[in-house]
Amino acid sequence: MTTPAVSIKDLHKSFGDLEVLRGIDLRVEYGEVVCVIGPSGSGKSTLLRCVNLLEQPTGGTIDVLGVEITDRNVDIDDVRRHIGMVFQQFNLFGHLSVLDNLTIAQRRVLRRSRSKSVKVARENLERVGLSEKEQAYPPQLSGGQQQRVAIARSLSMDPAMMLFDEPTSALDPELVGEVLSVMRKLALDGMTMLVVTHEMAFAREVADRVVFMDDGRIIEQGTPAEVLGNPREPRTREFLHRVLHPTELATDEFLDDQAGPAGPAQVTIPKADPHDFA
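About the criteria used
Residues numbered from 1 in each chain as written. Predicted model: local features only at pLDDT ≥ 70, side-chain atom pairs only at ≥ 80, totals over all residues. Heavy atoms only, no water. Pairing = 2+ DSSP bridges. Helix = DSSP H or I, 4+ residues; strand = E, 2+ residues; numbered from the N terminus. Axes fitted to C-alpha atoms, helices over the stretch in contact; angles between N-to-C directions. Contact = heavy atoms within 4.5 Å. 1 Å grid on protein atoms, 1.4 Å probe; cavity = no way out; pocket = protein on both sides within 12 Å on 5 of 7 lines; lining within 4 Å. Points joined across faces, edges and corners; volume = space filled by probe spheres on them. Nonpolar A, V, L, I, M, F, W, Y, C, P; charged D, E, K, R; others polar.

Visitor: It is not clear to me how the sheet that holds strand β3 (residues 33–37) should be interpreted in this structure. Could you clarify?
Guide: As a general point, the strands of a sheet are linked pairwise by backbone hydrogen bonds and lie either parallel or antiparallel. Spatially, 6 strands are ordered β6-β7-β8-β3-β9-β10 in an open sheet, and the strand pairing comes out mixed. The strands lining the two open edges of the sheet, one partner per strand, are β6 (83–86) and β10 (217–222). When the angles between neighbouring strand axes are averaged without regard to direction, this sheet yields 15 degrees. The pairing of β3 with strand β9 (residues 209–214) spans 4 bridges and is parallel. If you follow Val36 over to β9, its bridge partner there is Val211. Packed on one face of the sheet, helix α6 (residues 173–188) meets β3, β7 (161–165) and β8 (192–196) and runs near 145 degrees to β8.

Visitor: Explanation requested: the layout of surface pockets in the structure shown.
Guide: Rolled over the atoms, a probe as big as a water molecule pinpoints where empty space is left. Roughly 630 Å³ of volume is contained in the largest pocket. Lining the largest pocket are 20 residues; nearest its centre among them are Arg80, Ile83, Met85, Ala105 and Met157. At the level of elements, α2 (76–80), β6, α3 (98–108) and α5 (143–155) are the ones that each hand at least two residues to the lining of the largest pocket. Of all the elements, α3 adds the most residues to the lining of the largest pocket, at 4 residues. Tallied by class, the residues present in the lining of the largest pocket amount to 10 nonpolar, 5 polar and 5 charged.

Visitor: Which parts of the structure should I look at to understand the sheet that holds strand β4 (residues 59–64)?
Guide: Sheet architecture is open: 4 strands sit in the order β2-β1-β4-β5, paired in antiparallel fashion. The sheet is open, and its two edges are formed by β2 (18–28) and β5 (67–68), each paired on a single side. When strand β1 (residues 6–15) meets β4, the two strands line up antiparallel, connected through 5 bridges. Note that in β4 the partner of Val6 across the bridge is Val64.

What follows is the structure, encoded as structure tokens:
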């Protein structure tokens, strides 16, 4: 069996008495796109942040790019040089131009020359469709453009893999598509990607594997067709039904809201097929 890009075994993470991750086992192969979905508070972002030790695990082991990062002697800064991460917020330097945002880490961390850093930055700005914005400043850009700059900044460090923590959650709906389009291109280029997302259409179209988490555990995982199209677990079906049909109320919830002194009104609400996610 080949060495995976990420291997997580029996991962636990607690914040005081609150156990957020409860024994996670997960592999991500090189070139694979894995989308992690689940309700808020399920531990998705904490899992992602553990992969580059932005959160220190309470127990278990994590191997990234062939290095056990949970070894107390690991040089985590060296490992992080090979991992790109894109957050919900853009975290750009507002006082620097787009081009300078893309070159500063190259020069200080990778010790690249100014000319080489600019060349790489311009290649990646073209990759995300923002070549004409290199002299702009982040406050002059839309949210979608800022997130694309953040992706280009990560790509400029030549990462072996990319982590995305709900990269479209802070965007207006009309700007989501431009960011997802860049991520689709990365997937087609063979980039290893671990993506926490609530964009089900993106997960269905781009992911090689979808992982559903709830209450700090992986409930089920499989291909998009399996998890999104024909989920085995009742909890997965319930979550997907609520996400994909947000305007529908369960009959008992509706009746609870409508109940008066004379008893609940007799209302029948047809339930959608939980397996129909078209």
